[in-house]
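Fold and contact review
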Amino acid sequence: MGVIIITGSSGLVGSESVSFFSGLGKTVVGIDNDMRRHFFGEGASTRSMVSLLKSRFPNFVHFETDIRNRVELENVFREFNSGIECVIHAAAQPSHDWAAQEPFTDFEVNALGTINMLEMTRRHSPKASFIFMSTNKVYGDQPNHLPLIERETRWTLDAGHPYAQNGIDESMSVDQALHSLFGASKLAADLVVQEYGRYFGMNTACFRAGCITGRNHAGAEQHGFLSYLMRCAFTGTEYKVYGYKGKQVRDMIHAADLARAFHEVFQSPRAGAVYNMGGHIHANCSVLEAIRACEERVGKKMIQAYVDGNRRGDHIWWISDTRLFQRDYPNWHPAYDMNAIYDDLFAGLLK
Ligand SMILES: NC(=O)c1ccc[n+]([C@@H]2O[C@H](COP(=O)([O-])OP(=O)(O)OC[C@H]3O[C@@H](n4cnc5c(N)ncnc54)[C@H](O)[C@@H]3O)[C@@H](O)[C@H]2O)c1
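This text gives an overview of the structure that appears in the document.

For the rest of this paragraph, the subject is the overall build of the chain. Of the regular secondary structure elements, the chain holds 11 helices and 14 strands. The globule rule puts the C-alpha radius of gyration for 351 residues at 20 Å, and the 19 Å found for the chain is close to it. Dimensions along the principal axes, computed over C-alpha positions, put the chain at roughly 55 × 45 × 40 Å. Across the 351 residues of the chain, 61% fall into the buried class. Per element, the accessible surface of the chain, about 14,300 Å² overall, is 50% carbon and sulfur. Positive and negative side-chain charges in the chain, numbering 35 and 39 respectively, have mean positions lying 2 Å apart.

Put into structure tokens, the structure is as follows:
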């Protein structure tokens, strides 16, 4: 029986991927050391997800391994060896802002952890698909130099610009931009994943995602914007809007749709592929629009504060052009639009 290794298996993307691939009857090997708790505190811990996934899926095995630890990783890979059909690498230090607090930790988890996973895969199961969760932050603040126009609730892109109709594609430069240390460590990882595809001919794919969301997110102020926002609305916690008048735009993809995209790649892999991935023009919102939608679900006004000054390098407008992925994998269609996403986040809190 095929083995799927998933790092960050207790986090948002990892846990949806565990559910999806376990549902196909695969042996799913999760790797997660609950480092999210170290990054964002007790409320962001993903440990309870381990027992939930174990109780749901008898074919799920969990290792509390740190992806920085090559000796322990080697033991996991040696155990499953050539049975490994696919590696989904979703463990990370995922926050822009947090990275500057501990630059070594950020770089070691994001960049070193990724080459560790690639090299283990090359040594033990070189034919496996290697799917890496990259980020749109590899483009740094490049999108902020686009000709943006202010509207009532959001920034939009000048209608004449080539990105206006379908969002930003993979041709955007990754150079000469402010990335944050997080963007830089993820870009290092993204490049090395591409290189294992090109240099060694391995089946690697990078997904450069906009915002990913879903009820499994342990949202925290520094990471997991929409899940955190819905939780603040629900619990009556103050939500701070950082800069850009709250009109900054993000596209949103549900992690379950992402897991189905991984499955497409797994079925028909390519070497060194890079895709922008997100809610595209079908699922995006500004912070102000998201606040309104969360208030509607919860049925009360949010407590808000406005901080005059944006997060450093934060995108003003990001919508992913997903057409390259859809050209390569025409069977994939996301199931969640914005309303379905808000409903799912709210329903997750009512449980
Ligand atoms: N959520 C988003 O909006 C978003 C957007 C773009 C890209 N991404 C990328 O997608 C991936 C998954 O994001 P997510 O939202 O699921 O994050 P998450 O924080 O919910 O999950 C990541 C998991 O990795 C684990 N982890 C962290 N360091 C580890 C280590 N050293 N060893 C083992 N496990 C470790 C954490 O404990 C956590 O459970 C990340 O690479 C992130 O950069 C996320």
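Around the ligand there are 31 residues in total, and V13, D32, R36, K186 and G210 lie nearest to it. Between the ligand and R36 there is a distance of 2.7 Å, counted from an oxygen atom to a side-chain nitrogen or oxygen. Here an oxygen atom of the ligand sits 3.1 Å away from a polar atom, N or O, in the side chain of H217. Expressed as a share of its isolated accessible area of 830 Å², the protein-covered part of the ligand is 97%. Among the residues making up the shell around the ligand, the classes are represented as 15 nonpolar, 11 polar and 5 charged.

This brings us to the packing of aromatic side chains. Following the criterion strictly, the structure yields 17 aromatic pairs and no others. On the numbers, 4.9 Å between centres and 35° between planes, the contact of F325 with Y329 is tilted. In this structure an aromatic cluster arises from ring pairing among F207, F262, Y275, F325, Y329 and W332. Over the face of the ring belonging to Y329 we find R270, whose NZ or CZ atom lies 5.6 Å from the ring centre.

With that out of the way, let us pick up the sheet that holds strand β11 (residues 249–254). The strand order across the open sheet built from 3 strands is β9-β11-β13, with neighbouring strands paired in mixed fashion. Two strands lie at the open edges of the sheet, namely β9 (211–213) and β13 (284–286), each paired on one side alone. Pairwise comparison of adjacent strand axes, ignoring direction, gives a mean angle of 40° for this sheet. Strand direction decides the pairing type here: β11 and β13, joined by 3 bridges, are antiparallel. Counted as the bridge partner of V249 is S286 from β13. Against the sheet, helix α11 (residues 338–350) makes contact with β9, β11 and β13, and its axis sits at roughly 70° relative to β11, the strand it touches most.

Next up on the list: the pattern of salt bridges. Tallied over the entire structure, the rule returns 20 salt bridges. A salt bridge links D34 to R47, with the shortest nitrogen-to-oxygen separation between them at 3.7 Å. Highlighted residues: D34 in the loop between β2 (27–31) and α2 (35–40) and R47 in the loop between α2 and α3 (48–56), separated in sequence by 13 residues. Classification of D34 as buried rests on a relative accessible area of 7%. The closest approach of N and O atoms between R208 and D190, which form a salt bridge, is 2.8 Å. Taken together, the positions of R208 in strand β8 (residues 203–209) and D190 in helix α6 (residues 180–198) put the pair 18 residues apart, joining distant regions of the chain.

Here T7 lies in strand β1 (residues 3–7). Sequence-wise, T7 and S17 are 10 residues apart; in three dimensions their C-alpha atoms are separated by 9.9 Å. With residues up to four places along the chain from it excluded, the contact list for T7 reads I31, I67, I88, H89, A90, A91 and M117.

Glancing now at the environment of I316. Mapped onto the secondary structure, I316 falls in the loop between β14 (304–307) and α10 (323–328). Sequence separation of I316 and A293 is 23 residues, and the distance between their C-alpha atoms is 20 Å.

This part takes up the packing of helix α1 (residues 12–23) against helix α8 (residues 255–267). Between α1 and α8, the least distance of the axes is 8 Å, while the angle of their chain directions is 60°. With respect to each other, α1 and α8 are oriented oblique. The crossing of α1 and α8 is right-handed. In this structure, α1 uses L12, V13, E16, S17, F20 and F21 to contact α8, whose residues at the interface are A255, A256, L258, A259, R260, F262, H263 and F266.

Conventions and cut-offs
- Every chain's residues receive numbers from 1 upward, in the order its sequence appears when written.
- Reporting in this predicted model follows two pLDDT cut-offs: at least 70 for local features of residues, and 80 or more for side-chain atom pairs to be given and counted; totals over whole chains, interfaces and linings ignore these cut-offs and use all residues.
- Side-chain calculation: all heavy atoms of the structure are included, whereas hydrogens and water are not.
- Strands here mean DSSP runs of E at least two residues long; helices mean DSSP runs of H or I at least four residues long; both are numbered from the N terminus.
- Atoms considered for the radius of gyration are the C-alpha atoms alone. The globule rule reads 2.2 Å times the number of residues to the power 0.38.
- The buried label applies to any residue whose accessible area, calculated with a 1.4 Å probe on protein chains only, is under 20% of its type's maximum; exposed applies above 50%, and partly exposed to all values in between.
- Areas reported as accessible are Shrake-Rupley estimates using a 1.4 Å probe. Residue values count occlusion only from the protein chains shown.
- Working convention for charge: Lys and Arg count positive, Asp and Glu count negative, and His plus the chain ends are omitted.
- Note on charges: their place is set at NZ of Lys, CZ of Arg, CG of Asp or CD of Glu.
- Nearness of a residue to a molecule or strand requires only that one of the residue's heavy atoms be within 4 Å of it.
- Here a polar contact is taken to be a pair of N or O atoms separated by no more than 3.5 Å, where protein atoms must pair a possible hydrogen donor with a possible acceptor and residues adjacent in sequence count only if both atoms sit in side chains.
- Residue classes follow a fixed rule: Ala, Val, Leu, Ile, Met, Phe, Trp, Tyr, Cys and Pro count as nonpolar, while Asp, Glu, Lys and Arg count as charged, and any other residue, Gly among them, counts as polar.
- Pairing of aromatic side chains here covers Phe, Tyr and the six-membered ring of Trp, requires ring centres within 6.5 Å, and sorts the geometry by plane angle: under 30 degrees stacked, over 60 edge-to-face, intermediate tilted.
- Only Lys NZ and Arg CZ are tested; either one counts as a charge over a ring when it is within 6 Å of the ring centre and within 35 degrees of the ring normal.
- DSSP bridges decide pairing: two strands pair if at least two such bridges lie between them.
- Each axis is a line fitted through C-alpha atoms, taken for helices only over the stretch in contact, and angles between the N-to-C directions span 0 to 180 degrees.
- In what follows, a contact means two residues having at least one pair of non-hydrogen atoms within 4.5 Å.
- Within this document, salt bridges are pairs made up of a side-chain nitrogen of Lys or Arg and a carboxyl oxygen of Asp or Glu, the two lying within 4 Å of each other.
- For classification purposes, angles smaller than 35 degrees are called roughly parallel, those larger than 145 roughly antiparallel, those between 65 and 115 roughly perpendicular, and all remaining angles oblique.
- Crossing chirality is assigned from the near helix's rotation relative to the far helix, an anticlockwise turn below a right angle marking it left-handed and a clockwise turn marking it right-handed.

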